[in-house]
Amino acid sequence: MKRRAVIGLAVLAAIVGATVAAKAPVGGGAKERVFALQTVDGKPFRSADLAGKPYLVFFGFTHCPDVCPTALFELTGLLKDIGPAADRITPLFISIDPERDTAELLKLYMTSFDPRIIALRGDAAETKAAADAFSAFYKKVPTASDSYTMDHTAGLFLIRADGRLQGMLDMHEPRETQLQKLRLLAGS
């Protein structure tokens, strides 16, 4: 009984913390998150297309062995679990591997996840500009098999409708905390 009470208090504290963080004013104006990429169908997609809409961004790559597919799979479940509120959020998956992540490969890769998740790609300069707009990290790392992998920021950036950063969604947080953060984002 004591253990349940402690877990309940921890979940409540996390929800309250997420609520406070989402409503807390951010010093100065919203950070300019300007980027210009392309969809898997080759159509331009710019940050301006998101004006006035809440959205989330996950940076990753199709050759990722675990973190990226797991995060996208979990996001798919979270979007389903928040129901109609999910339709108010624009989820983005931005490739950080322009060498290998062709439009065709990204399109095929994304068929395993929620169709509302928009996959975006760009050339090396466009990719860097997009990552810089969110202060996201990525780096090419050689592997023993004469190939490479990518180190990168693994959290999801939650951006409110007013353009301000609500916070990050960490896939290691309790599920109820993740759901609460997405509900708050949808209501922003």
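Presented here is an overview of the structure given in this document. Bear in mind that the values here come from a model prediction, so they are computed numbers and not experimental data.

Some details on the overall build of the protein
Broken down by element type, the protein carries five helices and nine strands. For the protein, the succession of helices and strands along the chain, N to C, is α-β-β-β-α-β-α-β-α-β-β-β-β-α. Just so you have it, the protein exposes about 9800 Å², and 61% of that area is on carbon and sulfur atoms.

Considering the packing of aromatic side chains
One pass over the full model with this rule turns up eight aromatic pairs. Note on F35 and F134: the rings are 6.0 Å apart at their centroids and 45 degrees apart in plane angle, and the pair reads as tilted. Placement of F35 in the loop between α1 (2-23) and β1 (36-39) and of F134 in the loop between α4 (124-133) and β6 (138-142) is noted, with a sequence separation of 99 residues between them. The two residues F35 and F134 agree in class, both being buried.

Quick notes on the sheet that holds strand β2 (residues 44-46)
Here we have seven strands laid out as an open sheet, ordered β2-β1-β5-β4-β3-β8-β9, and mixed in their pairing. The open sheet has two edge strands with one neighbour each: β2 and β9 (165-169). Across this sheet, the average inter-strand angle for adjacent strands is 35 degrees, counted without regard to direction. Sheet topology note: the strand β3 (residues 55-60)/strand β8 (residues 156-159) ladder contains three bridges and is antiparallel. Residue pairing for β8: V57 is matched across the bridge by F157.

Here's the deal with the environment of R46
Mapped onto the elements of the fold, R46 is located in strand β2. Here the alpha-carbon distance between R46 and A130, two residues 84 residues apart in the chain, equals 9.9 Å. With residues up to four places along the chain from it excluded, the contact list for R46 reads F35 and A36.

Cut-offs applied
Residues numbered from 1 in each chain as written. Predicted model: local features only at pLDDT ≥ 70, side-chain atom pairs only at ≥ 80, totals over all residues. Heavy atoms only, no water. Helix = DSSP H or I, 4+ residues; strand = E, 2+ residues; numbered from the N terminus. Areas by Shrake-Rupley, 256 points an atom, 1.4 Å probe, with all protein chains shown as cover. Phe/Tyr/Trp six-rings, centres within 6.5 Å; stacked < 30°, edge-to-face > 60°. Buried < 20%, exposed > 50% of the residue type's maximum accessible area, 1.4 Å probe, protein only. Pairing = 2+ DSSP bridges. Axes fitted to C-alpha atoms, helices over the stretch in contact; angles between N-to-C directions. Contact = heavy atoms within 4.5 Å.

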